[in-house]
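If you want the building blocks of each chain, they are given just below.
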Amino acid sequence: MSFPATSQPHPPAKTGGGDGVKTFVTAVFLTFGVGLLGMVGWALLGSGFGGFIGLVAGGFGVYWWRSLHGKVFAPDLPTRSVVLLVVVNVVLAGILLLTAT
C-alpha cells in the first residue's frame, strides 16, 4: 500500500538582519539629501529661487529612486544603492561647505 506524497510546508524565507537598518539609513539620507540639494541651490544661485530649484531637483531624485527600486523605502535594497546614496550626500555636503567660505 502506498501513500500519496504530501508536501511539507516550507519554512519562511530568512531575510537579512540589515534590511531594517538599510531602510532607516535610506530614509535618513534621502531626506537629508533633498535638504542639502535645496541648500546647495540656494548657495550657488544666492537666492530663494536657487533653493526652490534644488528642492525640485531633490523631488525628481526621489522619483528616480522610486522608479529604480519599486518603492521609495523598499525593504530589500541593495547595499550598493545605500552606499552610493551616502556618497552622494557626502559630496553635496562638501560642495555646500566649499561654497560657504
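Since the model is a prediction, treat every value here as computed from it, not as a measurement.

1. Quick look at the packing of helix α1 (residues 19-45) against helix α2 (residues 48-69)
Working step 1: In the contact formed by α1 and α2, the axes pass within 6 Å of each other and the chain directions differ by 150 degrees. Taken together, α1 and α2 sit at an angle that is classed as roughly antiparallel. Both α1 and α2 take part in a crossing whose hand is right-handed. When α1 is examined against α2, the residues Thr26, Leu30, Val34, Leu37, Gly38, Gly41, Trp42 and Leu45 are found in contact with a partner set consisting of Gly48, Phe49, Gly50, Gly51, Gly54, Leu55, Ala57, Gly58, Val62 and Trp65.

2. Some remarks on helix α3 (residues 79-100)
Working step 1: For α3, spanning 22 residues, the distance from its first C-alpha to its last is 32 Å, which sits close to the expected 32 Å at 1.5 Å a residue.
Working step 2: Listed as buried for α3 are Ser81, Val82, Leu85, Asn89, Leu92 and Leu96. Relative to the axis of α3, the buried residues are bounded by an arc of 100 degrees and lie together on one face. In α3, the exposed positions angled more than 90 degrees off the buried face are occupied by Arg80, Val90, Leu97 and Leu98.
Working step 3: In this structure, the buried residues of α3 make contact with α1 and α2.

3. Overview of a nonpolar patch on the surface
Working step 1: A cluster of nonpolar residues, Leu44, Leu45, Phe49, Phe52, Ile53, Val56 and Phe60, forms a patch on the protein surface that exposes about 740 Å² of accessible area.
Working step 2: Put simply, the parts of the chain that give the nonpolar patch at least two residues each are α1 and α2.
Working step 3: Here the nonpolar patch gets five residues from one element, more than from any other, and that element is α2.
Working step 4: You can see Phe49 is positioned in helix α2.

4. Quick word on α1
Working step 1: Given a rise of 1.5 Å per residue, 27 residues ought to cover 39 Å, and the 38 Å separating the end C-alpha atoms of α1 matches this to within 8%.
Working step 2: Of the positions making up α1, those classed as buried are Lys22, Thr26, Leu30, Gly33, Leu36, Gly38, Val40 and Gly41.
Working step 3: Turning to α1, the residues buried within the fold contact α2 and α3.
Working step 4: With its phi angle positive at about 70 degrees, Gly46 sits one or two positions after the end of α1.

5. Re the side chain of Thr26
Working step 1: With respect to the helices and strands, the residue Thr26 is situated in helix α1.
Working step 2: With a relative accessible area of 0%, Thr26 lands in the buried category.
Working step 3: Aside from chain neighbours lying at most four places away, what touches Thr26 is Trp65, Val72, Phe73, Leu77, Val82 and Leu85.

6. Some remarks on the packing of α1 against α3
Working step 1: α3 packs onto α1 with a crossing angle of 25 degrees between their chain directions and a minimal axis gap of 9 Å. Between α1 and α3, the interaxial angle falls into the category roughly parallel. Along this stretch, α1 crosses α3, giving a crossing that reads as left-handed.
Working step 2: The residue makeup of the contact of α1 with α3, split by class, is 17 nonpolar, five polar and one charged.

Scoring rules and cut-offs
- Residues numbered from 1 in each chain as written.
- Predicted model: local features only at pLDDT ≥ 70, side-chain atom pairs only at ≥ 80, totals over all residues.
- Heavy atoms only, no water.
- Axes fitted to C-alpha atoms, helices over the stretch in contact; angles between N-to-C directions.
- Helix = DSSP H or I, 4+ residues; strand = E, 2+ residues; numbered from the N terminus.
- Parallel < 35°, antiparallel > 145°, perpendicular 65-115°, else oblique.
- Left-handed = near helix turned anticlockwise from the far one by under 90°.
- Contact = heavy atoms within 4.5 Å.
- Expected span 1.5 Å × (residues − 1).
- Buried < 20%, exposed > 50% of the residue type's maximum accessible area, 1.4 Å probe, protein only.
- Arc of directions from axis to C-beta.
- Patch = residues over 30% accessible without salt bridge, like charges linked within 9 Å, V, L, I, M, F, W, Y side chains within 5 Å.
- Areas by Shrake-Rupley, 256 points an atom, 1.4 Å probe, with all protein chains shown as cover.
- Salt bridge = Lys/Arg side-chain N within 4 Å of Asp/Glu carboxyl O.
- Nonpolar A, V, L, I, M, F, W, Y, C, P; charged D, E, K, R; others polar.

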